[in-house]
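Analysis of the macromolecular model
Chain residues, written in single-letter form:
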Amino acid sequence: TACASFVSVTATAKYVGAKGAVYLDNGAPPGGYTQAEIDSVGQLFDNSTYGMYQIDTTAFGRESDLDNNGVVIILLTQQVNRLSTNCLQSVVLGFFFGNDLLNTTGSNHGEIFYSLVPDPNNLTCNIPKAFARKALAPTFIHEFQHMISFNQHVLIRGLSGSEETWLNEGLSHFAEELGGRLIPNSQCFNQNCRAQFVGPDLQDAHDYLGDPESSYLVEPGNSFGTLAERGANWLFVRWLADHFASDSILGTSLTRALVQTSFLGGANVSNATGTSFSVLVPQWQLANYL
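Presented here is an overview of the structure given in this document. (Residues numbered from 1 in each chain as written. Predicted model: local features only at pLDDT ≥ 70, side-chain atom pairs only at ≥ 80, totals over all residues. Heavy atoms only, no water.)

The next subject is the packing of helix α2 (residues 52-59) against helix α4 (residues 129-156). Where α2 contacts α4, the axes come no closer than 10 Å and their chain directions differ by 35°. For the element pair α2 and α4, the recorded crossing hand is right-handed. Facing α2, whose interface residues are M52, Y53, I55, D56 and T57, α4 presents A137, F140, I141, F144, Q145 and I148. In the contact of α2 with α4, the residues fall into eight nonpolar, two polar and one charged. (Axes fitted to C-alpha atoms, helices over the stretch in contact; angles between N-to-C directions. Helix = DSSP H or I, 4+ residues; strand = E, 2+ residues; numbered from the N terminus. Left-handed = near helix turned anticlockwise from the far one by under 90°. Contact = heavy atoms within 4.5 Å. Nonpolar A, V, L, I, M, F, W, Y, C, P; charged D, E, K, R; others polar.)

Let us look at the state of the cysteines. As enumerated under the stated definition, the model contains two disulfides in all. Two residues share a disulfide in this structure: C87 and C125, whose sulfurs sit 1.6 Å from each other. Its torsion about the S-S bond being -60°, the disulfide of C87 and C125 is classed as left-handed. Residue C87 is found in the loop between α3 (78-81) and β4 (94-96), and its partner C125 is found in the loop between β5 (112-115) and α4; the two are separated by 38 residues along the sequence. Here C188 engages in a disulfide with C193; their sulfurs sit 1.9 Å apart. A torsion of 95° about the S-S bond marks the disulfide between C188 and C193 as right-handed. With a relative accessible area of 6%, C188 lands in the buried category. Residue classification places C193 among the buried residues on the basis of a relative accessible area of 0%. (Disulfide = S-S within 2.5 Å. Buried < 20%, exposed > 50% of the residue type's maximum accessible area, 1.4 Å probe, protein only.)

An α-helix turns once every 3.6 residues. As a result, residues three or four positions apart point the same way. A rise of 1.5 Å per residue sets the reference length of helix α7 (residues 227-244), with its 18 residues, at 26 Å; its end C-alpha atoms lie 26 Å apart and thus fit the reference within 8%. Extensive coverage of α7 is indicated by the burial of 14 of its 18 residues. (Expected span 1.5 Å × (residues − 1).)

This part takes up the nonpolar core. For soluble globular proteins, nonpolar side chains are generally found buried alongside one another. If you look at the biggest cluster of nonpolar residues, it comprises 72 residues, and the most contacted ones within it are M52, L76, F140, I183, F197 and F236. Here this core gets ten residues from one element, more than from any other, and that element is α4. (Core = buried A, V, L, I, M, F, W, Y, C linked by side-chain atoms within 4.5 Å.)

Reading across from one edge, β1-β2-β3-β5-β4 is the order of the five strands in this open sheet, with mixed pairing throughout. The two strands at the open ends of the sheet, each matched to only one other strand, are β1 (11-16) and β4. Averaged over neighbouring strand pairs, the angle between their axes works out to 25° when direction is ignored. Where strand β2 (residues 20-25) and strand β3 (residues 72-76) come together, five bridges link them in parallel fashion. Paired with L24 across the bridge in β3 is L76. Taken strand by strand, helix α1 (residues 35-46) contacts β1, β2 and β3, and its axis lies near 55° from that of β1. (Pairing = 2+ DSSP bridges.)

Moving on, we get to the pattern of salt bridges. Inspection of the entire model under this criterion finds seven salt bridges. E37 serves as the salt-bridge partner of R133, at 3.6 Å between the closest nitrogen and oxygen. Placement of R133 in helix α4 and of E37 in helix α1 is noted, with a sequence separation of 96 residues between them. Judged by relative accessible area, which is 37%, R133 ranks as partly exposed. Put simply, R238 and E177 hold a salt bridge, and the shortest N to O gap is 2.5 Å. With R238 in helix α7 and E177 in helix α5 (residues 165-182), this residue pair connects regions lying 61 residues apart in the sequence. (Salt bridge = Lys/Arg side-chain N within 4 Å of Asp/Glu carboxyl O.)

One can describe the packing of helix α8 (residues 252-259) onto helix α9 (residues 265-273) by two numbers: an axis separation of 9 Å at closest approach and a directional angle of 135°. Relative to α9, the element α8 lies oblique. In the crossing of α8 with α9, the sense of the turn from one axis to the other is right-handed. Residue-level inspection shows L254, A257 and L258 of α8 in contact with α9, the latter providing N268, V269, A272 and T273. Its residues placed into classes, the contact of α8 with α9 shows five nonpolar, two polar and no charged. (Parallel < 35°, antiparallel > 145°, perpendicular 65-115°, else oblique.)

Before going further, it helps to examine the packing of aromatic side chains. This model, assessed by the stated rule, comprises 15 aromatic pairs. Summarising the aromatic geometry, the rings of W166 and F277 are spaced 5.6 Å apart at their centres and angled 45° between planes, so their arrangement reads as tilted. Of this pair, W166 sits in helix α5 while F277 sits in helix α10 (residues 277-289), placing them 111 residues apart in sequence. Through pairs of rings, three or more aromatic residues link up here, namely W166, Y208, F236, W239, F244, F277 and W284. (Phe/Tyr/Trp six-rings, centres within 6.5 Å; stacked < 30°, edge-to-face > 60°.)

All right, on to α8 then. The buried count for α8 comes to six of eight residues, which makes it a mostly enclosed element. Here α8 has its buried residues at T252, S253, L254, T255, L258 and V259. Where α8 is buried, its residues meet α2, α4, α5, α7 and α9.

Structure follows, in structure tokens:
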């Protein structure tokens with residue numbers, strides 16, 4: 001997680017669509033995704049009406065296309081599984097690495113994000129297939145927001161860094177919520193999109209609200225965020241969208257304003273809402289209490 005070293009892998013394109021290309025690591029353990037399962041999530045990313053690409057680009061803005069291939073690459077690899085040190089406690093589902101869009105060490109020089117693979121027979125870090133399948137689509141819609149945000153802040157507007165972690169994560173969890181609200185149940189795990197996409201966010205929010213004194217809304221700069229903190233991040237973005245978006249049903253006018261800007265963190269929120277951050281946070285906490 002310190003990004004001090006990099007691993008080279010060989011992968012095969014298993015699905016190539018209009019907006020996404022899904023690659024599978026050639027060294028992935030047995031008992032993993034079938035071709036039909038990869039096709040299904042690839043098609044869900046691509047669908048022009050309710051697809052994850054359509055949802056994210058409408059809510060946040062467009063990604064870059066530095067490699068000029070017209071698609072976002074998603075690499076499914078056991079290297080992501082290996083980032084989880086205690087699978088009984090928490091599992092890293094995937095990540096986006098901003099340096100992939102910069103000319104720097106370890107860069108893939110193109111639009112790519114990463115997700116885990118099933119590994120049901122691993123005694124050190126068991127990842128059941130059902131768990132991996134359920135997490136796959138929400139990971140796609142979550143990490144793609146990070147990619148869009150990096151493009152909007154760093155590549156288009158020339159900022160030296162990406163959005164602050166707490167707000168960036170709140171927006172990506174908001175993306176998951178949009179998936180749960182906009183994707184038809186027929187396209188989701190166990191025919192239940194809200195459970196698949198929003199269920200974990202509700203649990204994280206529950207954990208935060210159960211003991212708000214123990215968790216940050218604005219995490220320290222060196223934090224990747226506990227699940228309870230992710231719950232706070234999502235609840236705050238959800239509350240902002242409810243109160244300050246012009247399209248009150250979904251709130252995407254507010255999320256676009258938060259991503260397509262040169263502002264970051266609390267200053268970004270104040271600029272998008274026209275209200276001081278020091279006023280907004282107590283109001284949000286009062287809403288939580290009530």
